[in-house]
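Overview (structure and organization)
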Amino acid sequence: MDQPTFVYDGDCAFCTSCAEFARRRVPTPARIVPWQFADLGALGLTAERCAEAVQWVDPRTGAAAAGPDAIALLLGSSRPWWRAAGAVLRVPPVRALAWPTYRWVARNRHRMPGGTAACAVPRPDAQV
């Protein structure tokens, strides 16, 4: 496995919709795969890390990232327009806003277009 891999939550309809958009519109050498079907051990990932955020692993360079940093690397592996978007996402003031925004979207992904109730991330303080 010597190509970069972008790992997302395949149990989430919103995440899957975003991954499908990337497959169709963001030409990249990376594999885009749900973590539920990825060889997490070979990628150096855990299910816990993958449940928290999307992941990027590039065995060629040793690069590994999560959340918006992973998205920036995915975009950066594509064509010039997408590379520019990835570069903007890495600019310090944008990056500082990207993480809280990513966490908010992750907490509310069941409310996003394409999301379903099954996408909701369980809250640790929720009573079951």
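Use the structure listed above.
This next bit is on the sheet that holds strand 4 (residues 63-66). The strand order across the open sheet formed by four strands is 2-1-3-4, and the pairing between neighbours is mixed. With one partner strand each, in any of the chains shown, strand 2 (31-34) and strand 4 form the two edges of the open sheet. Strand-to-strand, the axes of this sheet are offset by a mean angle of 15°, without reference to chain direction. Where strand 1 (residues 5-8) meets strand 3 (residues 55-58), three bridges bridge the pair, whose relative direction is antiparallel. Following the sheet pairing, Thr5 is matched in strand 3 by Val57. Taken strand by strand, helix 1 (residues 13-25) contacts strand 1 and strand 2, and its axis lies near 165° from that of strand 2.

This part takes up the pattern of salt bridges. Across all of its chains, the model carries four salt bridges by this definition. Across the salt bridge formed by Arg60 and Asp58, the nearest N and O atoms sit 3.0 Å from each other. We note a salt bridge from Asp69 to Arg95, for which the minimum N-O separation is 2.6 Å. Remark: Arg95 occurs in helix 6 (residues 92-107) and Asp69 occurs in helix 4 (residues 67-76); sequence separation between them is 26 residues. The partly exposed category is assigned to Arg95, whose relative accessible area is 37%.

The buried fraction of helix 4 amounts to seven of the ten residues, a majority that puts the element mostly inside the structure. Looking only at helix 4, the buried set comprises Gly67, Pro68, Asp69, Ala70, Ala72, Leu74 and Leu75.

A separate point is the packing of helix 4 against helix 5 (residues 80-90). Packing of helix 4 against helix 5 brings their axes to within 7 Å, and their N-to-C directions diverge by 155°. With respect to their mutual orientation, helix 4 and helix 5 come out roughly antiparallel. The handedness of the crossing between helix 4 and helix 5 is left-handed. Between helix 4, through Pro68, Ile71, Ala72, Leu73, Leu75 and Gly76, and helix 5, the contact on the second element is made entirely by Trp82, Arg83, Ala85, Gly86, Leu89 and Arg90.

This part covers the pairing of strand 3. Residues in a regular strand point their side chains to alternate faces of the sheet. By the alternation rule, side chains of strand 3 split into Gln55 and Val57 and Trp56 and Asp58, which are all buried. Taken together, the four bridges between strand 3 and strand 4 define a ladder with antiparallel strand orientation. Its bridge partner being in strand 4, Gln55 is matched across the sheet by Ala66. Connecting strand 3 to the antiparallel partner strand 4 that follows it, the hairpin turn spans four residues, and Gly62 within it adopts a positive phi of roughly 80°.

Cut-offs used in this document
- Residues numbered from 1 in each chain as written.
- Predicted model: local features only at pLDDT ≥ 70, side-chain atom pairs only at ≥ 80, totals over all residues.
- Heavy atoms only, no water.
- Pairing = 2+ DSSP bridges.
- Helix = DSSP H or I, 4+ residues; strand = E, 2+ residues; numbered from the N terminus.
- Axes fitted to C-alpha atoms, helices over the stretch in contact; angles between N-to-C directions.
- Contact = heavy atoms within 4.5 Å.
- Salt bridge = Lys/Arg side-chain N within 4 Å of Asp/Glu carboxyl O.
- Buried < 20%, exposed > 50% of the residue type's maximum accessible area, 1.4 Å probe, protein only.
- Parallel < 35°, antiparallel > 145°, perpendicular 65-115°, else oblique.
- Left-handed = near helix turned anticlockwise from the far one by under 90°.

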